[in-house]
Amino acid sequence: MAEEKDYLELEEEDGAIRVSFAALGEIASQAALAVPGVSALAAVPQAVVKGVQVQLSEIGICTIDLHLLLTMEQSFAQVAKQVQTAVKTAVDAAVGIEVASVNVFVAGVTLK
């Protein structure tokens, strides 16, 4: 049985770089919170940081799940698409990996 890792390993010319799922989660969290219409992240089990779950398949495909609280100022679909783009861009810029999918779960709404 394969060992369950809690980090992403990137093999480079000069050696390996390991990025924890918590670091990936923090990048995703900050990117999501910067999107207008996102008010907070919702607590969920198995989150690497509040509201963020990161999975890495055996073949290296990264998936990020975000559980968000949104304001009612904008369309949920519009906000979700902006979050997906922001998270993919932020993770790629910071770590240099492509995120296969960013799944957005609207866990609730806040009145602002």
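Chemist: Go over the overall build of the protein chain with me, naming the residues and quoting the values.
Modeler: Helix and strand content of the protein chain: two helices and six strands. Listing each helix as α and each strand as β along the protein chain from the N terminus yields β-β-α-β-β-β-α-β. In terms of overall size, the protein chain behaves like a compact globule, its C-alpha atoms giving a radius of gyration of 15 Å where 112 residues would be expected to give roughly 13 Å. Along the longest, intermediate and shortest principal axes, the C-alpha atoms of the protein chain span 50 × 30 × 20 Å. A burial count over the protein chain gives 36% of its 112 residues as buried.

Chemist: Mind laying out the environment of Arg18, listing which residues take part and the relevant values?
Modeler: Position of Arg18 relative to the elements: it lies in strand β2 (residues 15-20). Residues in contact with Arg18, not counting those within four places in the same chain, are Tyr7, Leu8 and Glu9. A polar contact of 3.3 Å, which involves the side chain of Arg18, links it to the side chain of Glu9.

Chemist: Kindly report on the pairing of strand β6 (residues 99-110), identifying the contributing residues and their values.
Modeler: It is a general feature of regular strands that their side chains alternate between the two faces of the sheet. Two strands pair when backbone bridges link them, and strand β5 (residues 62-71) and β6 are joined in this way by ten bridges, in the parallel orientation. Among the inter-strand pairings, Leu68 is bridged to a residue of β6, identified as Val106. As a crossover connection, the stretch from β5 through helix α2 (residues 76-95) into β6 is right-handed.

Chemist: Quick one: what's the story with the environment of Val52, residue by residue and with numbers?
Modeler: Mapped onto the elements of the fold, Val52 is located in strand β4 (residues 52-56). In this structure Val52 comes out as buried when scored by relative accessible area, which is 0%. For the pair formed by Val52 and Glu26, sequence separation is 26 residues and the distance between their alpha carbons is 8.1 Å.

Chemist: Now, about a nonpolar patch on the surface: what can you tell me, with residues and values included?
Modeler: Judged by side-chain polarity, Met72, Phe76, Val106, Val109 and Leu111 come together as a nonpolar surface patch covering roughly 500 Å² of accessible area. Mapped onto the secondary structure, Val106 falls in strand β6. Residue classification places Val106 among the partly exposed positions, given a relative accessible area of 38%.

Chemist: Please set out the pattern of salt bridges residue by residue, giving values where relevant.
Modeler: According to the stated counting rule, one finds one salt bridge in the structure shown. Among the salt bridges present, the one from Glu9 reaches Arg18, with a minimum N-O distance of 3.3 Å. With relative accessibility at 26%, the residue Glu9 sits in the partly exposed group. Owing to a relative accessible area of 55%, Arg18 belongs among the exposed residues under this scheme.

Chemist: Mind laying out the nonpolar core, listing which residues take part and the relevant values?
Modeler: With 27 residues, the main nonpolar core has Leu24, Val52, Ile64, Leu66, Leu68, Val83 and Val87 as its most contacted residues. When contributions to this core are tallied by element, the ones reaching two or more residues are β1 (7-12), α1 (21-33), β3 (38-41), β4, β5, α2 and β6. If near-sequence neighbours (up to four positions away) are discounted, Leu24 is found in contact with Leu8, Val19, Val54, Val91 and Val95.

Rules of the game
Residues numbered from 1 in each chain as written. Predicted model: local features only at pLDDT ≥ 70, side-chain atom pairs only at ≥ 80, totals over all residues. Heavy atoms only, no water. Helix = DSSP H or I, 4+ residues; strand = E, 2+ residues; numbered from the N terminus. Rg over C-alpha atoms; globule rule 2.2 N^0.38 Å. Buried < 20%, exposed > 50% of the residue type's maximum accessible area, 1.4 Å probe, protein only. Contact = heavy atoms within 4.5 Å. Polar contact = N/O pair within 3.5 Å; in protein donor to acceptor, adjacent residues only side chain to side chain. Pairing = 2+ DSSP bridges. Right-handed = clockwise from strand over helix to strand, strands pointing away. Patch = residues over 30% accessible without salt bridge, like charges linked within 9 Å, V, L, I, M, F, W, Y side chains within 5 Å. Areas by Shrake-Rupley, 256 points an atom, 1.4 Å probe, with all protein chains shown as cover. Salt bridge = Lys/Arg side-chain N within 4 Å of Asp/Glu carboxyl O. Core = buried A, V, L, I, M, F, W, Y, C linked by side-chain atoms within 4.5 Å.

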